[in-house]
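Observations on chain architecture
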Amino acid sequence: PIEHPRMELQWVRRLLARLIYARYSSGSLDTAGLSVPDREIAEYLGWTRTEIGPLLPLEDSIDVARTLIDRSVELSLQAGVELRMPVFAHTWKLSELELRILVVLAARELDPRCARAFCYAWNDFKRRLPTVGFVSELLGWQSQDAFDEIVRSLLPSSVLVRSGLVVLSDPEPDQELSVLDRPVQIAQRVVLHLIGVDDLDERLAGVCTLVSPTAAE
């Protein structure tokens, strides 16, 4: 079951490669003052050169990776293998896009190298969390319709936010943030569940006890 999250992390890495290269090649990514060197990011992204640059047709690699993951999930479920992400999505009645958003947000929590690549991509190591705009750009690449749909999926009224699966940071009292600039984070209990950890929510620790189905019989 843990192999599926790893495959998803590799897919997110390809999304980051596409975005970072696009920003680098357009001149909008100035890495001179960043604490993470180009070499480290190049190694994480699977590029063999020390400078950021294209070595693979990124769009094709993203599409191929997504197709392979989806087919692998389909075959695993048919074989009776329990995969937490598909089951979670079904339980919460999440759309494919909503699940992809959770995957992107979870990747930053599960892989420190991914978190550093996030900071590298947005060119600001003082920012701790991705924003609604960053997630929308990462997933809704060069499609305004897709970008807008992702933004709608992260509004306070959305399923992800209302259900507590995703947390939008509130601006400071004297701070005005646009919808795109609001930091967003996956709930920690969701991350733990997706990797197979079913500990009791810490907010309930004082009033509840986790009992296994066997013990409850």
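Above this text you will find the structure in question.
This report concerns the structure included in the present document. All of these numbers come straight from a predicted model, not from anything done at the bench.

Further remarks concern the pattern of salt bridges. The full count for this structure, using the stated rule, is 8 salt bridges. With a shortest N-O distance of 3.0 Å, Arg 66 and Asp 70 are connected by a salt bridge. Here Arg 66 pairs with Asp 70, and both are found in helix α3 (residues 58-78), just 4 residues apart, close to one helical turn. Accessibility expressed as a relative area gives 11% for Arg 66, which makes it buried. Among the salt bridges present, the one from Arg 71 reaches Glu 74, with a minimum N-O distance of 3.2 Å. Here Arg 71 pairs with Glu 74, and both are found in helix α3, just 3 residues apart, close to one helical turn. On the accessibility criterion, Arg 71 (42% relative accessible area) is partly exposed. Given a relative accessible area of 37%, Glu 74 falls into the partly exposed group. A network of salt bridges, in which partner residues are shared, links Glu 8, Arg 66, Asp 70, Glu 96 and Arg 100.

Taking 1.5 Å as the rise per residue, α3 with 21 residues should run 30 Å; its terminal C-alpha atoms sit 30 Å apart, in good agreement. Considered for burial, the residues of α3 that qualify are Leu 58, Ser 61, Ile 62, Ala 65, Arg 66, Ile 69, Val 73 and Ser 76. All buried residues of α3 fall inside an arc of 130 degrees around its axis, so they share one side. In α3, the exposed positions that point more than 90 degrees away from the buried face belong to Thr 67, Leu 68 and Gln 78. Positive backbone phi, approximately 85 degrees, marks Gly 80, located one or two places after α3.

What counts and how
Residues numbered from 1 in each chain as written. Predicted model: local features only at pLDDT ≥ 70, side-chain atom pairs only at ≥ 80, totals over all residues. Heavy atoms only, no water. Salt bridge = Lys/Arg side-chain N within 4 Å of Asp/Glu carboxyl O. Helix = DSSP H or I, 4+ residues; strand = E, 2+ residues; numbered from the N terminus. Buried < 20%, exposed > 50% of the residue type's maximum accessible area, 1.4 Å probe, protein only. Expected span 1.5 Å × (residues − 1). Arc of directions from axis to C-beta.

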